[in-house]
Structures are given as structure tokens and as C-alpha cells.
Amino acid sequence: MDGTHFLSVAILLSTFALVANKRVRSYIRTFQVQSALVALGALIVGTEHFVARGEWDLLMVSAITLVVKVWGIPRVLLQAHSRVEHKMEKDFFYNIPLLVLCCCALTAFAYFAVLGEGVPRTREASHLVNAVAVVLMGFFFMISRRLALGQIVGFLVMENGLFVASLFAAGGMPFVVDLGIFVDVLSAVLIMGGLVLQLSEKFHSLDMGKLRKLRG
């Protein structure tokens, strides 16, 4: 098992850990660990590309991931959570074992969807299975959470899965494309952060169900 395959599996397992977390602060930290694994993967693949072809794009992407996803976004989310930390709120619609079982089913679906009949069992295909499973579980995490912070984290996990698919299965995307994705992600987080601010200031809660009361 090479380093990228180990990281691919570790990122998949970190998504399971994310779904199994009950507390907001815990799954923000889990997302932070997952993003650090993604940055490490970009560093490994980027170093290989730099040594072989002199390309430095993925090294820059790794550095941006560390700054934005490992340090910046988790810090913003934890600060938003601290505003209403005194109030304990259930952040999931169904119990945790059921959510984990659903994620196992999504992983099995990703396996059979990607590795269909006649598809060779290559290393790239294995990476793609793990990445698709991460995307599906990120989406499932997003729709299974009540609080705005959980839905933001689910969106970010989906983006991590898409990046892992392009990184490990296809060797990465052009730097301009990666930079554009980072800008889109930051824009989305800032917009959703504004909603979090409105909710926390008006209701002292992050329950998205209360967003209907903000309508004029």
C-alpha cells in the first residue's frame, strides 16, 4: 500500500468519524484533521510532480489548503459556535448508529457504481471509489444535520471528496481551476457564515429551522 492509498483510506475513515460525532466542536476538529490529510496528499503528489516535471502547482494548493481549511475555516466555525456554546442542541435528525449504517450503504453504492462490470481494479479506480464515497457521505452529513455549522461542514467535506478524486485519481487539476474552486468555497462559507451570524444574534441558536423567522 503506497502513501496516497493510505491517505485515501484515512480520508474515508475520517468521514465516518465525522458522521459518528455528536458534538459540533468535535466534528469541526474532525474536518480539520481530514483537511490536513488532504493537504498532505497534495504535498506528496505535488512533490512527485515537482521532482519529475518541475511543476509546483500542487505544492501551492497544499499550502493554500493548510491556511484556508486547516487553520482559517475551522477557526471561524469554532468562533461562531462559541457564541451559542452555552446552549446544547441536538444536531442530527436520526441516531448515530443509523447514520453510520447509511454511510456504509453509501460506500457500498460508490464501490459498485465506480467498479462496475468490466472496470479494471486499478489504484486510480480504488482512489475514485473512496473519493465518491466521501462526496456522498458529505452530502448525507449536510442534509442530516439541523445546525447551520453542520451543514457548512458537510458542504466542505463534499469539496474535499471532489478534490481527492481529482488529486489521486487524475493527478490533480490545473492551478487556475483549483484556485477558482478555493474562491468559490470561501465565498460560499462567507455567505453561510452571514446566515450563522444572523441566527446566533437573533435567536441565540444555530438551528436552520428557525431561518424561516428571518423572512420579512
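See above for the structure.
Residues numbered from 1 in each chain as written. Predicted model: local features only at pLDDT ≥ 70, side-chain atom pairs only at ≥ 80, totals over all residues. Heavy atoms only, no water.

## Let's talk about the overall build of the protein
Then comes step 1: A tally of helices and strands in the protein yields 7 helices and 0 strands.
Then comes step 2: Helices (α) and strands (β) of the protein occur, in sequence order from the N terminus, as α-α-α-α-α-α-α.
Then comes step 3: For the protein, the residues scored as buried account for 47% of the 216 residues in total.
Then comes step 4: For the protein, contacts bridging at least 24 residues in sequence account for 74% of all contacts bridging at least 6.
Then comes step 5: Accessible area of the protein: about 10,800 Å², with a carbon and sulfur share of 68%. (Helix = DSSP H or I, 4+ residues; strand = E, 2+ residues; numbered from the N terminus. Buried < 20%, exposed > 50% of the residue type's maximum accessible area, 1.4 Å probe, protein only. Contact = heavy atoms within 4.5 Å. Areas by Shrake-Rupley, 256 points an atom, 1.4 Å probe, with all protein chains shown as cover.)

## Here's the deal with the side chain of S14
Then comes step 1: Tracing the backbone through its elements, the reader meets S14 in helix α1 (residues 3-20).
Then comes step 2: In terms of polar contacts, S14 uses its side chain to reach the side chain of Q34, at 3.1 Å. (Polar contact = N/O pair within 3.5 Å; in protein donor to acceptor, adjacent residues only side chain to side chain.)

## Description of the nonpolar core
Then comes step 1: Y27, I73 and V153 are the most contacted members of the largest nonpolar core, which has 50 residues in total.
Then comes step 2: The set of elements that each furnish at least two residues to this core consists of α1, α2 (24-53), α3 (57-82), α4 (96-114), α5 (123-144), α6 (148-169) and α7 (175-203).
Then comes step 3: With residues near it in sequence (within four places) discarded, I73 still touches F31, V68, L156, V185 and V189. (Core = buried A, V, L, I, M, F, W, Y, C linked by side-chain atoms within 4.5 Å.)

## Section: the pattern of salt bridges
Then comes step 1: Under the counting rule described, the total for this entry stands at 3 salt bridges.
Then comes step 2: We note a salt bridge from K69 to E159, for which the minimum N-O separation is 1.9 Å. Here K69, found in helix α3, pairs with E159, found in helix α6; they are 90 residues apart in sequence, far enough to count as distant.
Then comes step 3: You can call K69 buried: its relative accessible area is 2%. (Salt bridge = Lys/Arg side-chain N within 4 Å of Asp/Glu carboxyl O.)

## Notes on the packing of aromatic side chains
When we look at a pair of aromatic rings, we describe it by the centre distance and by the angle of the planes.
Then comes step 1: If you walk through the whole model with that rule in mind, you get 2 aromatic pairs.
Then comes step 2: On the basis of an interplanar angle of 85° and a centroid distance of 5.2 Å, the ring pair of Y27 and F141 is categorised as edge-to-face. Here Y27, found in helix α2, pairs with F141, found in helix α5; they are 114 residues apart in sequence, far enough to count as distant.
Then comes step 3: Overall, Y27 belongs to the buried group, its relative accessible area being 0%.
Then comes step 4: Residues Y111 and F112 carry aromatic rings whose centres are separated by 5.3 Å and whose planes lie at 85° to one another, so their mutual orientation is edge-to-face. (Phe/Tyr/Trp six-rings, centres within 6.5 Å; stacked < 30°, edge-to-face > 60°.)

## Regarding a nonpolar patch on the surface
Then comes step 1: Together, F50, V51, W56 and M60 give the surface a local cluster of nonpolar side chains, amounting to about 440 Å² of exposed area.
Then comes step 2: Looking at the secondary structure, you find V51 in helix α2. (Patch = residues over 30% accessible without salt bridge, like charges linked within 9 Å, V, L, I, M, F, W, Y side chains within 5 Å.)

## What about the side chain of R145?
Then comes step 1: Counting through the fold element by element, R145 comes out in the loop between α5 and α6.
Then comes step 2: Overall, the relative accessible area of 1% leaves R145 in the buried class.
Then comes step 3: Here the side chain of R145 touches V19 through a polar contact of 3.0 Å, landing on its backbone oxygen.

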